[in-house]
Amino acid sequence: TINFTSPTETNNSYLSRNYVLINVSATDTNLANITIRLYNSTGLYNSTTSATSPNYVNMTGLTDGVYYFNATSSDFANNQNNTETRKVTIDTANPLISITYPLNMTYNINVSALNYTVSDTNLQSCWYSVNNGAINISVVCGTNLTGLTSNEGSNIWLVGVNDSVNNKN
């Protein structure tokens, strides 16, 4: 038998770090080895084989992207068993966001629009505030806003974003 054990990453998880933890246990009276394989978009990224169970690896130095991993156990009679393949997404970058209107300047009109640009591969949520940050209002990411009211005098308008691993900007 072969299976993933703690602290192995769960399937379809998003990680805000550059490493993946994989722990595999296998049971066989004639266990020969356990091989863990990590794949990225170009194919096999790394492979680690151990003659003992469990085989615990910390795949480090990973760049942002999607990774897949699985494991195979073999015995001395060349019988094999495999785990399922799991997927993890590494995302260490903060989303990008920029207010394009209004600009940081004095206006002689009631500013009623808030335009911004946002980008990230794993956007989760966006919000804005037109009252110096006291109340955040959720908005669909990338949706520019109209019908807002600026107060006479100084105003602070904010736009925020976070992605699936809670990187914020």
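Further up the page is the structure itself.
Thresholds applied
- Residues numbered from 1 in each chain as written.
- Predicted model: local features only at pLDDT ≥ 70, side-chain atom pairs only at ≥ 80, totals over all residues.
- Heavy atoms only, no water.
- Salt bridge = Lys/Arg side-chain N within 4 Å of Asp/Glu carboxyl O.
- Buried < 20%, exposed > 50% of the residue type's maximum accessible area, 1.4 Å probe, protein only.
- Pairing = 2+ DSSP bridges.
- Helix = DSSP H or I, 4+ residues; strand = E, 2+ residues; numbered from the N terminus.
- Axes fitted to C-alpha atoms, helices over the stretch in contact; angles between N-to-C directions.
- Contact = heavy atoms within 4.5 Å.
- Disulfide = S-S within 2.5 Å.

Caption draft 1: Spatial organisation of the pattern of salt bridges. Going through the model one piece at a time under the given rule, you end up with 2 salt bridges. With a shortest N-O distance of 3.1 Å, Arg17 and Glu9 are connected by a salt bridge. Its relative accessible area of 7% is what places Glu9 among the buried residues. Taking the shortest distance from any N to any O, the salt bridge between Glu84 and Arg86 comes out at 3.0 Å. Classification of Arg86 as buried rests on a relative accessible area of 15%.

Caption draft 2: Seen up close, the sheet that holds strand S12 (residues 123-129). On the basis of which strands lie adjacent, the open sheet formed by 3 strands has the order S13-S12-S14 and antiparallel pairing. Where the open sheet ends on each side, the last strands, each with one partner, are strand S13 (137-139) and strand S14 (158-163). Taking the axes of each pair of neighbouring strands and ignoring which way they run, one obtains an average angle of 30° across the sheet. Here S12 runs beside S14; their pairing, made up of 6 bridges, is antiparallel. If you follow Tyr128 over to S14, its bridge partner there is Val159.

Caption draft 3: Focus on the environment of Val165. Mapping Val165 onto the fold places it in the segment after S14. You can call Val165 buried: its relative accessible area is 14%. C-alpha of Val165 to C-alpha of Asp91: the two residues are 74 residues apart in sequence and 7.0 Å apart in space. Leaving out residues up to four positions away in the same chain, Val165 has contacts with Tyr14, Leu15, Ser16 and Asp91.

Caption draft 4: Spotlight on the state of the cysteines. The tally for this structure, following the rule as stated, stands at 1 disulfide. Covalent S-S linkage joins Cys126 and Cys141, the inter-sulfur distance amounting to 2.2 Å. Around the S-S axis, the bridge from Cys126 to Cys141 shows a dihedral of about 110° and counts as right-handed. Of this pair, Cys126 sits in strand S12 while Cys141 sits in the loop between S13 and S14, placing them 15 residues apart in sequence. A relative accessible area of 2% places Cys126 in the buried class.

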